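Listed below are the residues making up each chain.
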Amino acid sequence: MRIRIVDAFTDRPFAGNPAGVLLLDAFPEDDRLQRVALEVNHAETAFAHPLPAGGEADWALRWFTPATEVAMCGHATLATAHVLRTTGAHEGPVRFATRSGVLVATPHEDGTVTLDFPTAPLTPVETPAGVAEALGAEPLTVLDTGPNVGDLLVEVADEETVRALTPDHKALGAHSERGVIATARADDPAQGYDFVSRCFFPNVGIDEDPVTGSAHTALAPFWSGRLGRPALTGLQASPRSGLVRTELRGERTLLSGSAVTVIEGELLA
């Protein structure tokens, strides 16, 4: 069983968000998938296997954190599409059957991949008691991101505030299904990005996720509404950092980025 570690939403190794990718003939029992994801110990490990020709999807795809299976993961989907393209396992756009429906990944000649994901429904909510203290910053706006994403989206004052956050991860876990997305408008769009974010997901075993594709299905409609443009670039300002290009298309959001395979080996157990 071949296992690969792919850095997603970056064009250089040791940046972006690392994901494990395993291409299988079929899914084994859930407990084995979870134990492999715990051993890989990255934010997500993706497991995929081919489906019979003629159906609505080409590959089945599941994602596991070290602690649990998740309903949607952007960076591990991008990483899987990258592996399919670079190994020749699949050519052209690939349709993945997932818990979030059929998701399409389209590779491009320049090596980037575009993901077609459902846009997260945003619902304004009152700031829950304790969120400001747990996050370490006063929220300007708080929104629920719906069942697929499962986070609170919290706008704070500025980019510097986002970068300086040192949240109480345990306390944050009490306020949403997965965690909290903190975001602000970019201080200087001339630097090549329109907004910044950081993502804290203690409820799925990830204190801070390096670059989160699924979060950008909520960030895209939020900032497109604020900035008046469907196409934007987000910088996730984690220590590893990465860029996600977004394009809002109504109920769908396109997420584009690069990926780099950094490790390839054999799973012996």
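Here the structure is a predicted model, which is why all the values come from computation and not from measurement.

Novice: Requested: an account of the overall build of the protein chain, with residues and values cited.
Specialist: Helix and strand content of the protein chain: 6 helices and 18 strands. Computed over its C-alpha atoms, the radius of gyration of the protein chain comes to 18 Å, within 12% of the 18 Å expected for a compact globule of 269 residues. On the principal axes, the C-alpha backbone points of the protein chain span a range of 50 × 35 × 30 Å. Out of the 269 residues belonging to the protein chain, those deemed buried represent 57%. Within the protein chain, residue pairs in contact and separated by at least 24 positions form 62% of the contacts whose partners lie at least 6 positions apart.

Novice: Which residues make up the pattern of salt bridges, and what values go with them?
Specialist: Tallied over the entire structure, the rule returns 15 salt bridges. Notably, a salt bridge pairs E264 with R2, separated by 3.4 Å at the nearest N-O pair. Of this pair, E264 sits in strand β18 (residues 259-266) while R2 sits in strand β1 (residues 2-8); the two residues are 262 residues apart in sequence, bridging distant segments of the chain. Assessed through its relative accessible area of 46%, E264 is described here as partly exposed. R2 gets classed as partly exposed once you look at its relative accessible area, which sits at 36%. Residue D58 is joined to R95 by a salt bridge in which the shortest nitrogen-to-oxygen separation is 2.9 Å.

Novice: Could you give an account of helix α6 (residues 216-227), naming the residues involved and the relevant values?
Specialist: Counted residue by residue, α6 has 10 buried out of 12 residues, so it is predominantly covered. Every buried residue of α6 is listed here: H216, T217, A218, L219, A220, P221, F222, W223, S224 and L227. After α6 finishes, the residue G228 shows a positive phi value of roughly 75°.

Novice: I'd like a rundown of the packing of aromatic side chains, residues and numbers included.
Specialist: For the structure on display, the rule yields 3 aromatic pairs. Each ring, one from F47 and one from F64, has its centre 5.8 Å from the other, and the planes form 85°; the classification is edge-to-face. With F47 in strand β3 (residues 44-50) and F64 in strand β4 (residues 59-64), this residue pair connects regions lying 17 residues apart in the sequence. Owing to a relative accessible area of 1%, F47 belongs among the buried residues under this scheme. A ring pair is formed by F195 and W223, whose centres lie 6.1 Å apart and whose planes are at 10°; its orientation type is stacked. Pair noted here: F195 is in strand β13 (residues 195-201) and W223 is in helix α6, with a separation of 28 residues, a long-range link.

Novice: Quick rundown of the state of the cysteines? Include the residues and the values.
Specialist: If you walk through the whole model with that rule in mind, you get 0 disulfides. This cysteine, C73, is not joined by any disulfide, and C199 carries the nearest cysteine sulfur, 11 Å off. For C73, a relative accessible area of 3% translates into the label buried.

Novice: Kindly report on empty space enclosed by the protein, identifying the contributing residues and their values.
Specialist: A water-sized probe, rolled over the atoms, reveals where empty space remains. On inspection of all chains with the given rule, the structure shows 1 cavity of 30 Å³ or more. Roughly 40 Å³ of volume is contained in the largest cavity. If you trace the largest cavity, you find it lined by A81, L84, R85, H90, G92, V94, A105 and P107. Elements supplying a minimum of two residues to the lining of the largest cavity: α2 (74-87) and β7 (101-107). Considering each element in turn, the lining of the largest cavity owes the most residues, 3 residues, to α2.

Novice: Can you break down the environment of L61 residue by residue, with the values?
Specialist: Along the chain, the position of L61 falls in strand β4. As a C-alpha pair, L61 and L219 span 158 residues in sequence and 24 Å in three-dimensional space. Once residues lying within four places of it in the same chain are set aside, the contact partners of L61 are F27, A46, F47, A48, T77, T80, F96, A97 and T98.

Novice: Report on the nonpolar core, specifying residues and quantitative values.
Specialist: Counting residues in hydrophobic clusters, the biggest one holds 48 residues, and the most contacted among them are W63 and F96. The leading source of residues in this core is α2, at 6 residues. Setting aside residues no more than four positions away along its own chain, F96 makes contact with A57, W59, L61, T77, T80, A81, L84, G101, V102, L103 and A105.

Novice: Tell me about the pairing of β4, residues and numbers included.
Specialist: With 6 of 6 residues buried, β4 lies mostly within the body of the structure. Where β4 meets strand β6 (residues 94-98), 2 bridges bridge the pair, whose relative direction is parallel. Each residue of the ladder has a partner; that of A60, found in β6, is A97. Where β4 and strand β5 (residues 69-70) come together, 2 bridges link them in antiparallel fashion. Of the residues in β5, the one forming a bridge with W63 is V70. Hairpin connection between β4 and β5: a loop of 4 residues separates the two successive antiparallel strands.

Cut-off values and rules
- Residues numbered from 1 in each chain as written.
- Predicted model: local features only at pLDDT ≥ 70, side-chain atom pairs only at ≥ 80, totals over all residues.
- Heavy atoms only, no water.
- Helix = DSSP H or I, 4+ residues; strand = E, 2+ residues; numbered from the N terminus.
- Rg over C-alpha atoms; globule rule 2.2 N^0.38 Å.
- Buried < 20%, exposed > 50% of the residue type's maximum accessible area, 1.4 Å probe, protein only.
- Contact = heavy atoms within 4.5 Å.
- Salt bridge = Lys/Arg side-chain N within 4 Å of Asp/Glu carboxyl O.
- Phe/Tyr/Trp six-rings, centres within 6.5 Å; stacked < 30°, edge-to-face > 60°.
- Disulfide = S-S within 2.5 Å.
- 1 Å grid on protein atoms, 1.4 Å probe; cavity = no way out; pocket = protein on both sides within 12 Å on 5 of 7 lines; lining within 4 Å.
- Points joined across faces, edges and corners; volume = space filled by probe spheres on them.
- Core = buried A, V, L, I, M, F, W, Y, C linked by side-chain atoms within 4.5 Å.
- Pairing = 2+ DSSP bridges.

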